Structures are given as structure tokens and as C-alpha cells.
Amino acid sequence: MVCCASPIAATKVRSFLFYFSPDSPCQKINPLTKLITVLIVGTVAFIIENIYANLILLVIVCIGLAMARISSRFFKMALIGISGLLLVSTVAHALFSQIPGESVYLVFPWGTYITERTIHFVVIVYLRFLAASLITLIFLCTTRETDVVTALRFLRLPYAVCFVCSLSLRFISILVDDWWSIVQAQRARGMEFKGTLIARLKKLLGLSLPMITSAFRKVNDSNHAILARGFTLSNVRRTQIRQLRWSTPDYILLTLLTILLMAVIIAKYYGYLTFV
Amino acid sequence: MKREIVIEDLWWRYKDRQEWALKGINLKVGTGEAIGIVGPVGAGKTTLCLALCGLIPQEVQGEMKGMVTISGMDTRSTELRDIIQKVGILFQDPESQFVSMSVLDEVAYGLENFGCPPEEMLTRVKQALKIVGMNGYEEKHPLELSGGQKQRVALASVLALHPRILVLDEPTSNLDPIGKEEIFSVIHELKARQDTTTIIVENNIEELVEVVEHLILLHEGEVICQASVGNFFKDVDFVKKKGVWVPQVTELCYRLLKSGFLEAHIPVTFDNAQTAAREAIGDRRLIFQPTYTNQTACFPSTPAITAHDLHFIYPDGTAALLGIDLTIYEGEYVAFLGQNGSGKTTLAKNFIGLFKPTSGAVTIEGVNTRRASAKELASKVGYIFQNPDHQLFCESIEEEVAFGPRNLGLSESETENRVREALKTVGMLQYRKEHPFSFGKAERQRIAISSILAMKPRIIIVDEPTAGQDIGLVKTLMGLLDGLNKEGKTIILITSDMRLVAEHAKRVVIIHQGKILLDAPTRIAFTKAQLLAQAALKPPQISRLAQALSDLGFPSGILTTDEMYDLIINVR
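Residues numbered from 1 in each chain as written. Chains lettered and ligands numbered in written order. Predicted model: local features only at pLDDT ≥ 70, side-chain atom pairs only at ≥ 80, totals over all residues.

K.L.:
Whenever I open this one, the overall build of chain A confuses me. Can you help?
P.N.:
When helices and strands are tallied, chain A shows eight helices and six strands. Over its C-alpha trace chain A gives a radius of gyration of 23 Å, far above what one expects of a compact globule, namely 19 Å for 276 residues. Dimensions along the principal axes, computed over C-alpha positions, put chain A at roughly 70 × 60 × 40 Å. Counting only residues that meet the buried cut, chain A has 29% of its 276 residues in that class. Excluding contacts between residues fewer than 6 apart, the proportion of contacts in chain A whose partners are at least 24 apart in sequence is 74%. (Helix = DSSP H or I, 4+ residues; strand = E, 2+ residues; numbered from the N terminus. Rg over C-alpha atoms; globule rule 2.2 N^0.38 Å. Buried ≥ 20, exposed ≤ 12 C-beta atoms within 10 Å, placed from the backbone. Contact = placed C-beta atoms within 7 Å.)

Given below as C-alpha cells:
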């Protein structure tokens, strides 16, 4: 039986976003545990509204990050992307929130204002998003697409849902390849992405035509290829070659996460961890 | 012998089409037989394959007459899932039939659908991967595999279902030479087991004749010739006229037969041809040793493209070119050879400025590509991509062809002149108002070519123009390129078809692992068997025949069937 957590001979394993080293401790836990971890940590990050609690959570996530051993070159790239997203969300909060405070620093023409508590809140928002995106990043960098699909199937989701997920993941890489060939074919004919926004959009629209034709043909081919190997949506008995293996690290991690989630919920219920 | 496949008067018409795609096909195939199907593009080969596995008529829409029986099951009334447990089909495109995210999942895909118990599934998957030589790759991601490897995985996923009948629809036409060889060696192995009935549609006739016993010629939906491999090429001229490739050695022996040098028997395989050629010569001797002119020596012209210490590294860190020094002169006809991933396409894309060197420099007609705009480069170099559908997007053919000249900022009257001239060159002028997609692939490729010609580049790069095409189209296309070369245009041909290289290109540049492995006149390049083997390339069949007959005094630099024929008929 092949397990997702089985040691893999290759020096590097291809994950969702990049390659990770097979001896990373993240390999010892199964993909379903990883998926649950992301969900719980994400939920916790959004329940707590206390700057210290948020900081502690961020530290925990960073320990996870250190253990994941993600290639630093790639991590820098991902961090730039995340920073952009974080900036947008924090600025939006700063611009459009109305949190009363003792001193008002700034009043915007549209009626919202910034107080010392706005700044406090924006910091919390920042920490929250950072923790949530980092844990997702760890997940994407250390999990293979095929493992995610396995996890979904073990959640007893309908077969059609799992299969569509798997197939769309596959098609993204096929279509990205096609897209580049198409862009190059047009650039080879002297097309330049210059001019007004409308002009550029028009050019983009032009490119989408061969893209759609090509995608259509590929979907048709894939359809034949899966039908020829017994694909059906009707209810037949199916088996799975990959099994989930539950080992000690999984149990430890899940127990810790449950305790964390319970503690946070209870604390929140009694009014701690709430932004006042 | 038991009849595994029986097709009786099969007619098929796709939905919304006037024309019948298959017209009265009759075919009987016995258990363990191997049949090859050949024919021009659009003959109905893929349609026939789909009918053999029940996808026609069950999943494809259209109208069917007649009957197809697979292992005793009528394909109209049997559940598709029951049919495909008997018939496995491998399609042409390795990319789109790979639907999972790892090799293991891909090979197990069919077995999972049929509810195979996990332990048995694993045994079967391992077994199938072993047959195709991909064991050890179980955990690989599709992006980590080459086209040939993906195709072998696709074959394994079909074999894992233990089909009694195997249908292979152009399994190698999207692959590079290594990929082709990998697939054919698997087919050889399967054939040795003798328990599978095999139907192969294939353009690579020289390989095909080595693995099948019978050949069927499909033409416009009809079977117009059906014979054992030995008898199929009785009339080579007829077969060629119908758009089918003929092995070079067969063509040679056919001509020798017609001029009385051979007895009635025409060999089709390489070994038999070698014996036949020896017989034809007998104890006579070659009387003249040709002195072929050294073809590069006559190029004192100006450089068209110069690469100096060119390195190229992709953004993901893959180093594709590692120090290329190359000069291509005006008016040359150069072939770039090498496997997928060798860097030959990356090099060509540096030659039109689609990629800019990571270090080093590329100069096109004196202009450094780093300092030139896409527009400027496009007016100097034309790049014809492999798939015409990746570039066609306009409402009408004339719009499509005018797209490039307009990008160059030419006036409407000049654009009109160029459109007219370019369409005339490819013979499509009368259709200028029509929609590009209302034409077949051959015409679409011609439209794509004319859209490049309209920009009047002095250098033309052609990327795999003939992959999966039939003889007629290839001849037209190569004729067109020869004509342009005679007009003084520089041609760079990227291909894996050695026969085309031998017949058309004057100079060969072999790229291997990002470096130039060999840069020589074609005639010399094909004698360097060891260097070619290093890049997993083989000289054309006829050159190999001449080399195998070197003990009789044949020069090793033979490039075409004509040259070989002339030598043999001049024995005394």
C-alpha cells in the first residue's frame, strides 16, 4: 500500500508551489492533518483580537515555518506577494473603519477617521492575515497536489467534487503552457503590450480566442482519455490506491490544535481576547 | 483463429456534418494480430480508433450504420465500461490524457474506477510501469516528465487494465526521437508476448513496418488497400500518391526492381533491404565514387545572426543554454537538432528576441536583441510556431495576414500588397475573406506561414512544421521553404525528422544539454554516428543503409534515396 507519508526517494519533491526536501518534518504528518491544521490556525487567527495573543500565534506559525524548510529563494518571492496583499487589507481597514477612541488623528472626507485604537486594530488585522497566510504558504509549499486530492477523498466528499478539483489543478499547468505559446506567437508578429488600458484589454481579448479553442480541444481529448479508462459519475464501487496513514505526530498535532481551539473559544466566550 | 475485432460495413457521420467520416469499413482482426493503419490527415484514422473502443457511437455524437463487434460485444448495445475493459486506447497528445497529479495516481486511475482492490491495484500498477520502463517514477509530478515519459505513463495506465486489444492512435507523433524510440521499444516488447491484439495508427512508417503484420490504407473514410506488410508496397507510387510515407529502403528497392536490378520481392524492413541491396550488387563493384562538394565553404556572405557566449537561464532557475557561439550567414539553410529540453527551441527563441540572453549577446543583422523592440525584431526574423492554432485569432484570413504588417506600422496600401503577395505564395489568395477556422489543419498552417511572410522577414525560423503531417502537406511545405531559401532568405529549421534534414538543410547544428555538440555540413554530420548517438539521434534510414554497406565501397555521406539509387545502378 502506498501512503502519502511514505519516504520518497527523490532528493526534492514537487509541491503545489515549489520543491521541498523529503526529510522535512512536514512529511511525517498526513495531508488531511495538514489541511485541518490550516483550517484551525486560520480560524483561531480570526477569533482572537488581542495583540499579544495574535503575536503568540504568529510565533507558533513561524516555528512551523522554520520546521518546514522551505527554500529561502522561493520564500522571499512568496513573501513579497503576501506583503502586497497584507498592505491592501490593512490600508483598507485604516481608511474605512470607524473605531471611536480618545484622540482622533485624522478624519477622512468620507466620514471615517483614525484614532489610536484604529492603529491598534490595524496591527491586529495585520498579524491575523500574516499568520493565516503563512500557514497557508507552509501548506502549499509542503503538500503535493495529489495529497490534497487524497485528503479530499478521505473527507468523503462526492467523487465528482474531488475529481473536478484534481482535474482543474492539472489543467492549470496545461493552460499556462498554452498561454505562453500564444503570447509568444503574437509577439513574434510584432505585437507589443502598449497603449491605453482599453487597447491592452482588446489585445488580451484577441489572445483569449486561440486560448479557448486550444482549451476546448484539450478538454475534449481529456474527456475521451478518462472515458476510455472507465470514468463514470454514476455510483459505482471505487477504490483508492493511496491510503492515509495516521501516526503519532498526527495525533499529537491534532490534540494540540483541538486544545488550542477549545481554549480560544472558551476565552472568547468569557470576554478575553476581545478587542474592546 | 478467433476473431477479436469484426467491423461490418461501418459508416459514421459526425453531428452537423454532411460528409461521412467512415464509409463502409470492413475489417476482421484475429487474436494476437498486429495491424497498422496509415493514411493522410483527415482520412478517418482517429474516428476508426474511437469506433474500436466504443466511444463512437456511445459518447461522440453522430450517426452510425453497420456494426462493430469487439470480443463478441456489439459496441452499440454493450455498456461502455464493459467494452473498455477489453480495449485500451492510447491517444496522440501526452499532455491532455494525463489527468492526475502523479504517475502513481495516473496509472491507477482506471483501476480505481473499476474498484480494483488496493493490494492488487499496486501490483498491477508496478507491473505496468515496469513494462514501459517507468518504475521508480511513481511519485513524479506531470510537470517533471518529458513528453515521451508522459506517453509511456499513459500507455502504462492503459496496460494496467489488462486489455485484450490495444489501440494506439498516433502514439509517437508528438514526441521527440528518444520518445518515439521509447514507445516503439515498448510496442516491440508487447508484441513479443503475443497475447494482445494491436491496432496502431502511425506516420512513422519505418518503425511501424517492423512491428505489424498487416497494413491498412485509409483514404477519405474508405479502406483502399489492405495487405500484409510485404505486399502493401507492391505499388509504391500508388501508396505515395495517397499521402502515405514509404520507408526509404523500400522506395530504393522498388526503383531497383523497376530498373531490373532486383527480383519481384520488395523488402520493407531495414535488414531485408540490406540483404536485397547486396543481392542487387552481387559481386560487382561501384564504379564511381562521388565527390560531394563541401557545402559550407561557399558562404563568404554577411552574418545574419550571431550568438556570442550566449547563456540563458529561465526564471525558475533552469539553465537552458550554457555558452553558445554560433554564426548563421545570410542565405543559409540550417537545421537545429536535439531532444526536447536540449535547448534548441530556447536558442531559436533567443534568435527572435522572445527571450533575451541572461549573459552574452545575440546580434541580428547587426542589432543587439537587448536593444531592439519586438516590432523591430519581428520585421527581421519570422518565427513559425508548431501549432498554427496558437496564433490564429482574426475573423478572416486577410485580417490574420494583415495583423503583422499593421503591427509594423505599415500603410494600408502597403499592407494590402503584402497580404496579397503572401497569400499568393501559399496558394490561399482566393479564400482571403473566409474564416481561418473553416479550414483544415494543413490550410491553417499555410495561413500561419503567410502571416509571417507578409512581414517580409529575411530570416525565417520554422519550429517542427511537419509533426504528424502526411506526405502531401510536408512536400508542399518544404517546397515553399526551399523556394524562399532560393530567393535568398535564411532558413532555420527545427525538426526531429532526419529525412527532411537530409533532403533540405545544408548545415546541421546539434544542441545537447545547452551546448553545441556538432556544427557541420549535413553530409558530414550524418556520418558522425557516435556524436549523433550521444544526442540520441539517428541518421536517415538510407544513410544508415549506405553505412551498413560500407564494405562494398559505399560512401558514408549518402543523404537521399536518389543518391543511393544512382550509385547502385552504376555498378559493373
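Following the structure, the description resumes.
K.L.:
How do you make sense of the overall build of chain B when you look at a structure like this?
P.N.:
Looking only at helices and strands, chain B has 23 helices and 20 strands in total. Against the compact-globule benchmark of 25 Å for 572 residues, chain B has a radius of gyration of 25 Å, which places it among compact chains. In terms of principal-axis extent, the alpha carbons of chain B reach across some 70 × 60 × 50 Å. The long-range share in chain B, meaning contacts at least 24 apart out of those at least 6 apart in sequence, stands at 68%.

K.L.:
Even after reading the chapter, I still don't get the pairing of strand E11 (residues 303–313) of chain B, so can you show me in this structure?
P.N.:
Within a regular strand, side chains alternate between the sheet's two faces. Residues and elements named next belong to chain B. Where E11 meets strand E12 (residues 319–329), eight bridges bridge the pair, whose relative direction is antiparallel. Bridge pairing in E12 places Ile313 opposite Ala319. The hairpin turn running from E11 into E12, its antiparallel successor, is five residues long, and Gly317 in that turn takes a positive phi close to 100°. Note that E11 and strand E14 (residues 359–364) share five bridges and pair antiparallel. For His311, the partnering residue across the bridge sits in E14 and is Ser359. (Pairing = 2+ DSSP bridges.)

K.L.:
Looking at this model, I keep getting lost on the sheet that holds strand E20 (residues 515–521) of chain B. Mind explaining?
P.N.:
Hydrogen bonds between backbone groups are what pair the strands of a sheet, and the pairing can be parallel or antiparallel. Residues and elements named next belong to chain B. The sheet built from six strands is open, its strands ordered E16-E17-E18-E13-E19-E20 with mixed pairing. Taken across any chain shown, the strands that pair with only one partner, and hence form the sheet edges, are strand E16 (381–384) and E20. Direction aside, neighbouring strands of the sheet carry axes that sit 15° apart on average. In the packing of helix H18 (residues 471–486) onto the sheet, contacts are made with strand E13 (333–337), strand E17 (459–463) and strand E18 (490–494), and the angle to E18 comes to roughly 150°. (Axes fitted to C-alpha atoms, helices over the stretch in contact; angles between N-to-C directions.)

K.L.:
Got a minute to help me understand the pairing of strand E7 (residues 165–169) of chain B in this structure?
P.N.:
Residues and elements named next belong to chain B. Extensive coverage of E7 is indicated by the burial of five of its five residues. Direction of pairing for strand E6 (residues 87–90) relative to E7: parallel, over a ladder of four bridges. Paired with Gly88 across the strands is Leu166, a residue of E7. In this sheet, strand E8 (residues 197–201) lies alongside E7 in parallel orientation, the contact comprising five bridges. Within E8, the position partnered with Leu166 by the bridge is Thr198. Handedness of the crossover is the feature at issue here: the chain leaves E7, passes through helix H7 (residues 177–193), returns alongside E8, and the resulting connection is right-handed. (Right-handed = clockwise from strand over helix to strand, strands pointing away.)

K.L.:
Honestly, the sheet that holds strand E9 (residues 214–219) of chain B in this entry has me stumped. Any pointers?
P.N.:
All names here are of chain B. The six strands are arranged E6-E7-E8-E3-E9-E10 in an open sheet whose pairing can be described as mixed. In the strand order of this sheet, the two ends are held by E6 and strand E10 (222–228), each with one partner. On average, each strand axis in the sheet is inclined to that of its neighbour by 15°, with strand direction left out of account. Pairing between E9 and E10: six bridges, direction antiparallel. Across the sheet, Leu215 pairs through a bridge with Ala227, a residue of E10. Here helix H1 (residues 45–52) sits on the sheet and contacts strand E3 (34–38), E6, E7, E8 and E9; the angle it forms with E7, its principal contact strand, is near 155°. Strands in contact with helix H6 (residues 147–159) are E6 and E7; relative to E6, the strand with the most contacts, it is inclined by about 170°.

K.L.:
Hey, could you run me through the nonpolar core in this one?
P.N.:
If you look at the biggest cluster of nonpolar residues, it comprises 185 residues, and the most contacted ones within it are Leu52, Cys53, Val107, Ala156, Val167, Phe336 and Ile461 of chain B. Residues in contact with Ile461 of chain B, not counting those within four places in the same chain, are Ala348, Phe351, Ile352, Val381, Gly382, Tyr383, Ile384 and Ile492 of chain B. (Core = buried A, V, L, I, M, F, W, Y, C linked by C-beta atoms within 7 Å.)

K.L.:
Explain the domain arrangement of chain A to me, please; I cannot follow it from the model alone.
P.N.:
A common measure of how large an interface is: the accessible area buried when the components associate. For chain A, the assigned domains are domain 1 (14–151 + 246–269) and domain 2 (158–236). If you average the C-alpha positions of domain 1 of chain A and of domain 2 of chain A, the two centres end up 32 Å apart. (Domains from an automatic or database assignment.)

K.L.:
Would you mind showing me how to read the domain arrangement of chain B here?
P.N.:
Residues and elements named next belong to chain B. Assigned domains within chain B: domain 1 (3–245), domain 2 (247–283 + 541–572) and domain 3 (303–540). Relative to domain 2, the C-alpha centre of domain 1 lies at a distance of 33 Å. Opposite the nine residues of domain 1 that make contact, domain 2 presents eight residues. Those elements giving two or more residues to the side of domain 1 that touches domain 2 turn out to be helix H8 (205–211) and helix H9 (229–232). Here the element with the most residues in the side of domain 1 that touches domain 2 is H8; it accounts for four residues. Taken together, the residues of the side of domain 1 that touches domain 2 sort by class into five nonpolar, one polar and three charged. (Nonpolar A, V, L, I, M, F, W, Y, C, P; charged D, E, K, R; others polar.)

K.L.:
Would you mind going over the interface of chain A and chain B with me for this structure?
P.N.:
Each side of the interface is counted separately: chain A has 51 residues, and chain B has 59 residues. Looking at the side of chain A that touches chain B, the elements that each hand over two or more residues are helix H5 (145–154), helix H6 (159–187) and helix H7 (197–227) of chain A.

K.L.:
How should the confidence of the model for chain B be read in this particular structure?
P.N.:
A low pLDDT means the predicted coordinates there should not be read in detail. Predicted confidence across chain B gives a mean pLDDT of 90, with 97% of residues reaching 70 or more. On the interface metric, ipTM, the complex scores 0.85, and its pTM is 0.86. (pLDDT = per-residue confidence, 0-100.)

K.L.:
Please explain unusual backbone geometry as it appears in this structure.
P.N.:
Trans is the common state for peptide bonds, and a negative phi is the common state for residues other than glycine. Residue and element names in this part refer to chain B. Residue Pro57 follows Ile56 across a cis peptide bond; omega there is 10°. One can find Pro57 in helix H2 (residues 55–58). The backbone of His162 shows a phi angle near 50°, a positive value even though the residue is not glycine. As for its placement among the helices and strands, His162 is situated in the loop between H6 and E7. Overall, His162 belongs to the partly exposed group, with 15 C-beta atoms counted inside 10 Å.

K.L.:
Is there a simple way to think about the packing of helix H1 (residues 31–47) of chain A against H5 of chain A in this case?
P.N.:
Two quantities define a packed helix pair, namely the angle between the axes and the distance from one axis to the other. All names here are of chain A. Running from amino to carboxyl end, H1 crosses H5 at an angle of 85°, the nearest separation of the two axes being 8 Å. By the angle class used here, H1 and H5 are roughly perpendicular. Taking contact as the criterion, the partners of Pro31, Leu32 and Leu35 in H1 are, on H5, Asp147, Val148, Thr150, Ala151 and Phe154. Residues belonging to the contact of H1 with H5 are distributed by class as follows: six nonpolar, one polar and one charged. (Parallel < 35°, antiparallel > 145°, perpendicular 65-115°, else oblique.)

K.L.:
Sorry, what's going on with the environment of Ser550 of chain B here?
P.N.:
Residues and elements named next belong to chain B. Its place among the elements puts Ser550 in the loop between helix H22 (541–548) and helix H23 (561–569). Given 10 C-beta atoms within a 10 Å radius, Ser550 is considered exposed. Considered as a pair, Ser550 and Pro303 are 247 residues apart in the sequence and their alpha carbons are 37 Å apart.

K.L.:
Mind showing me how you'd approach the environment of Thr150 of chain A here?
P.N.:
All names here are of chain A. Here Thr150 lies in helix H5. Take Thr150: there are 27 C-beta atoms within 10 Å of it, and that puts it in the buried class. C-alpha of Thr150 to C-alpha of Met211: the two residues are 61 residues apart in sequence and 30 Å apart in space.

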